[in-house]
Amino acid sequence: GKPTLYGSLTRRGLSTEGVPDIAASEAFVVREVTKKSILISCPHENVSTKFLAPYTTFCRIHQKSITCLDISSGGGLGVSTSTDGTMKIWQAANGEIRRLLEGHVYDVNCCRFFPSGLVVLSGGMDAQLKIWSAEDASCVVTFKGHKRGILDTAIVDRGRNVLSCSRDGTARLWDCGKSACLGVIADCGSPVNGIAVGTADSSLNLGTPEKAPSEREVGTEGKILLLAREDKKLQGVGLQSRQPVFLFVGSDAFNCCTFLSSTYILAGTQDGNIYQLDVRNTNAPIQVIHRSGAPVLSLLPYRDGFIASQGN
């Protein structure tokens, strides 16, 4: 709600240790400079940010914006999708391209490795969900059932079942072995931008299924599915019961969500808010973090905290 403060940094020289001497314009202060980082603060607004140099950069994998990426559990391989229309598997150590995954029509929105690191799950604007072999780039399974583009996916336990959400407002559970839809977990009537599945706190009532679950459902018991919705709502649903657990209304469309633990969850909105909630009581957030008005695009638990990426 205040006017934006703009500033510039000027490099004045280099110290004997090879560290740049950097000065900031009015209203900003350079607190600390190392070979790998610059810490800048704005005392007037009581904020500071540390800018880190990349550890390494791979600029030859894609020609345009990268929309999604994942690293295999062993850390050896990366998979990524881009607005250049490609999905590629590459060596995480040096960025060397290993496989090109071709088969989706239109853009691929999301990609992730199964826990084994040998198989990739992807979802595209063609409303198709596909499973690929990372070893020979073949498409092993294609799931059809969504009416519009798939926006996010999740894998249940070791991956006999997977989940997807779509612009058509639904989240679906799929059986990989028989390439069949096991059910619509939620129908929100509004695009579902992101999902996350996690083990629920034991004190949480996840509801009971209306009919006995299929024996093809593996690992859904005791799990809760989070839905980040376009209509400003964050919803929790019992994965096995398909029953609503909570509904939280935020300040804008929810783009992404993740679990910090079995009790604490995070979700990010289009207007730059990151909500931390306790699933046992979602009436009021534990905290709301607002660094800038830029959309929160992805969230990832990391050590004792989390990493957030924003559209700025």
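Residues numbered from 1 in each chain as written. Predicted model: local features only at pLDDT ≥ 70, side-chain atom pairs only at ≥ 80, totals over all residues. Heavy atoms only, no water.

> Tell me what's going on with the packing of aromatic side chains, and back it up with residues and numbers.
Tallied over the full model, the rule gives five aromatic pairs. On the basis of an interplanar angle of 65 degrees and a centroid distance of 5.9 Å, the ring pair of Phe58 and Trp90 is categorised as edge-to-face. Of this pair, Phe58 sits in the loop between strand 5 (47–52) and strand 6 (66–71) while Trp90 sits in strand 8 (residues 87–91), placing them 32 residues apart in sequence. Looking at Trp90, the relative accessible area reads 6%, which means it is buried. Each ring, one from Phe248 and one from Tyr275, has its centre 5.2 Å from the other, and the planes form 70 degrees; the classification is edge-to-face. (Phe/Tyr/Trp six-rings, centres within 6.5 Å; stacked < 30°, edge-to-face > 60°. Helix = DSSP H or I, 4+ residues; strand = E, 2+ residues; numbered from the N terminus. Buried < 20%, exposed > 50% of the residue type's maximum accessible area, 1.4 Å probe, protein only.)

> Tell me about the sheet that holds strand 10 (residues 108–113), residues and numbers included.
Strand order across the open sheet formed by four strands is 10-11-12-13, with antiparallel pairing between neighbours. The sheet is open, and its two edges are formed by strand 10 and strand 13 (139–144), each paired on a single side. The sheet shows a mean angle of 20 degrees between the axes of neighbouring strands, taken without regard to direction. (Pairing = 2+ DSSP bridges. Axes fitted to C-alpha atoms, helices over the stretch in contact; angles between N-to-C directions.)

> Any chance you could break down the UniProt feature "repeat: WD" (unreviewed entry) in the protein chain for me, citing the residues and the numbers?
Per the UniProt entry, the sites bearing "repeat: WD" (unreviewed entry) are residues 59–100, 101–142 and 143–175 in this numbering. Each end of residues 143–175 is marked by a C-alpha atom, and these two atoms are 9 Å apart; helix forms 0% of the span and strand 64%. (UniProt positions renumbered as here; feature names shortened; annotations may be inferred.)

> So what about the nonpolar core? Which residues, and what values?
With 25 residues, the main nonpolar core has Val79, Leu101, Phe143 and Val162 as its most contacted residues. Contributions of two or more residues to this core are made by strand 7 (77–82), strand 8, strand 10, strand 11 (119–124), strand 12 (128–133), strand 13 and strand 14 (150–156). If you tally residues by element for this core, the top one is strand 10, at four residues. Residues within four places of Val79 in sequence aside, it is in contact with Cys68, Leu69, Asp70, Met87, Lys88, Ile89, Trp90, Leu101, Cys111, Phe113 and Val120. With 18 residues, the next largest nonpolar core counts Leu204, Phe246, Phe248 and Tyr275 among its residues. (Core = buried A, V, L, I, M, F, W, Y, C linked by side-chain atoms within 4.5 Å. Contact = heavy atoms within 4.5 Å.)

> So, the sheet that holds strand 21 (residues 244–249): which residues are in play, and what are the values?
Read across the open sheet, the four strands follow the order 18-19-20-21; overall the sheet is antiparallel. The open sheet has two edge strands, strand 18 (192–199) and strand 21, and neither has a second partner. Neighbouring strand axes in the sheet, compared pairwise and without regard to direction, differ in orientation by 15 degrees on average. Where strand 19 (residues 223–229) meets strand 20 (residues 233–238), five bridges bridge the pair, whose relative direction is antiparallel. The residue of strand 20 that forms the bridge with Leu226 is Gly236.

> Explain unusual backbone geometry to me, using residue names and the numbers behind them.
If you check the backbone angles, Tyr106 has positive phi at about 70 degrees while not being a glycine. On the secondary structure map, Tyr106 appears in the loop between strand 9 (97–100) and strand 10. Judged by relative accessible area, Tyr106 falls into the exposed class, the value being 65%. Phi at Arg242 is positive, roughly 65 degrees, even though this residue is not glycine. By the secondary structure assignment, Arg242 is in the loop between strand 20 and strand 21.

> Please give an account of the environment of Gly159 that cites residues and values.
By the secondary structure assignment, Gly159 is in the loop between strand 14 and strand 15 (161–166). A sequence separation of 75 residues divides Gly159 from Leu234, and the C-alpha atoms of the two residues are 25 Å apart. When neighbours within four sequence positions are excluded, Gly159 is seen to be in contact with Phe114 and Cys176.

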